[in-house]
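Commentary on secondary and tertiary structure
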Amino acid sequence: MSRLRSWLRNHNVSLALFVLGVALAGGVLTFAKPLATSEATRASVRASSAVSAGSVGRASALLEVLRRSATGHDALPPQLQSALSRLGVEVDITGARRALVTPQGNAVYLVPSNSGVCLIDSNNSESGCFSTEAVRDGRATQSDDCSPSLPDANTIEIAGVLPDGAADPTIIRADGTRQALKVDGNAYLAQFGSYAPLPTRIEWTSLGHAVTASAPVPSDVVSEDCVTPAEVKALEASGKVPRALGHPPAQPTVSTVYAKG
Amino acid sequence: MTFPHHSPALWRVPVMVASIVALCVALASLGAATANAYCGIWVPGNTDCANVAGGSWADGYFDQNVASDPNGWLVCQHTYLYGTGTTVSRHCGATPEGAGWDLMCYYAEGRASSGHAGNDNSFSQPIYGSAYIETVHCV
């Protein structure tokens with residue numbers, strides 16, 4: 001043994017072993033890279049194709065689209081699998097179902113998760129996950145504005161999931177006007193002009209009772225200063241967009257606005 | 001396996017090369033896994049976490065900004081082109097809400113962003129934000 005130790009010392013093998021260990025650790029970190037690392041996601045979730053049958057069952061119990069047999073159209077494209085993994089929620093990729101396809105060809109998928117269901121579309125303008133409770137009480141809705149995935153900076157989009165038995169789904173705008181909301185496969189995706197009265201509520205009936213949920217559209221979308229990638233390039237060409245990273249800007253504290261980073 | 005005792009200098013060369021490669025792999029992997037977690041506090045209703053005492057946001061180079069509330073209440077991820085006050089991505093929902101592919105072209109083109117997370121409910125809620133680099137694909 002002492003000869004071995006001596007040999008190791010003479011030949012720097014301890015260094016080699018250390019390096020090997022570092023390499024192995026690096027490899028493990030590389031291939032087990034966290035898919036999202038916020039405190040919340042660290043606490044409870046990791047992307048996986050293996051979600052417990054019980055948790056999937058809870059979402060399926062509310063959503064007929066997840067109970068139907070899979071077809072060839074339901075396979076989630078790889079880029080959408082990657083996008084879902086960034087949200088840091090355990091999802092059952094094999095349980096994905098294509099809920100609807102918009103007239104523009106945007107496919108909306110619902111994917112069972114460990115806590116409910118995730119919604120994602122092939123434009124990737126919408127990607128979010130909802131708890132089973134959120135689906136049940138109408139909070140499974142999301143909005144998107146200022147996204148390169150949208151047709152222009154004056155378009156907002158809402159998307160969401162409605163439970164089985166939700167009849168006559170309707171969008172109610174800020175001025176009280178009502179508009180039928182098309183729902184397919186328990187999902188919806190609709191676009192609106194940001195200058196028109198904004199969608200504020202979604203209403204449907206369930207077992208004869210009206211159910212109303214808020215539409216999560218920020219009230220300041222009209223005044224929001226949105227840019228698209230093409231507009232950014234034009235601004236940069238005119239020298240109006242600083243490229244260098246410097247000190248953060250002053251933080252206004254008025255009203256409910258964001259800090260205009 | 002035997003080592004070439006007769007020529008220690010020769011066998012040390014591959015070890016040194018392996019060392020450099022291994023350290024590069026380790027450092028690269030650590031970099032890839034790094035996320036800038038921010039906020040992580042209770043935020044009053046209708047307020048950006050950046051506007052709260054003790055609150056925070058993330059300035060830098062990233063292509064993902066995710067906002068979440070462990071209770072699943074409404075949050076918004078709001079990402080600006082750094083230093084301009086112009087929005088390049090905003091998603092609101094019953095969490096977690098991510099920027100999708102919105103930021104990848106900006107990142108790939110070397111533009112800095114400012115990632116924020118906000119409470120768009122009328123009541124206080126805990127909000128966690130995370131800005132990180134996921135990929136360099138610009139689609």
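The structure displayed is predicted, hence computed values, not measured ones.

What follows covers the overall build of chain B. For chain B, the helix and strand inventory stands at two helices and nine strands. Mapped from its N terminus to its C terminus, chain B presents α and β elements in the order α-β-β-β-β-β-β-β-α-β-β.

Moving on, we come to the nonpolar core. The nonpolar side chains of a soluble globular protein tend to be buried, and buried together. Counting 86 residues, the largest nonpolar core has Leu110, Val111, Val117, Cys118, Val161 and Ala187 of chain A as the members making the most contacts within it. Setting aside anything within four residues of it in sequence, one finds Ala187 of chain A in contact with Ala99, Leu100, Val108, Leu110, Leu119 and Val161 of chain A.

Before going further, it helps to spend a moment on the sheet that holds strand S7 (residues 167–173) of chain A. All names here are of chain A. Across the sheet, which stays open at both edges, the four strands sit in the order S8-S7-S10-S11 with antiparallel pairing between neighbours. Two strands lie at the open edges of the sheet, namely strand S8 (178–180) and strand S11 (209–214), each paired on one side alone. Neighbour-to-neighbour, the strand axes of the sheet open up by a mean angle of 30 degrees, direction not taken into account. The pairing of S7 with S8 spans three bridges and is classified as antiparallel. Paired with Thr170 across the bridge in S8 is Ala180.

Here the focus is the confidence of the model for chain A. Residues and elements named next belong to chain A. Mean pLDDT over chain A: 76, with 70% of residues reaching 70 or higher. Mean pLDDT across the elements of chain A ranges from a minimum in helix H3 (residues 39–44), with 30, to a maximum in strand S1 (residues 97–101), with 97. Scored below 50 in pLDDT, residues 245–257 makes 20 contacts in the model with residues more than four places away or belonging to other chains.

What follows deals with the pairing of strand S4 (residues 127–131) of chain A. Residue and element names in this part refer to chain A. Burial within S4 is extensive, with five of its five residues counted as buried. Alternating residues of S4 divide into Ser127, Cys129 and Ser131 and Gly128 and Phe130, and every residue in both groups is buried. The pairing of strand S3 (residues 116–121) with S4 spans five bridges and is antiparallel. Looking at the pairing, Ile120 lines up with Ser127 of S4. Here S3 folds back onto S4, and the loop between the two strands holds five residues, one of which, Asn124, carries a positive phi near 55 degrees.

The rules we used
Residues numbered from 1 in each chain as written. Chains lettered and ligands numbered in written order. Predicted model: local features only at pLDDT ≥ 70, side-chain atom pairs only at ≥ 80, totals over all residues. Helix = DSSP H or I, 4+ residues; strand = E, 2+ residues; numbered from the N terminus. Core = buried A, V, L, I, M, F, W, Y, C linked by C-beta atoms within 7 Å. Buried ≥ 20, exposed ≤ 12 C-beta atoms within 10 Å, placed from the backbone. Contact = placed C-beta atoms within 7 Å. Pairing = 2+ DSSP bridges. Axes fitted to C-alpha atoms, helices over the stretch in contact; angles between N-to-C directions. pLDDT = per-residue confidence, 0-100.

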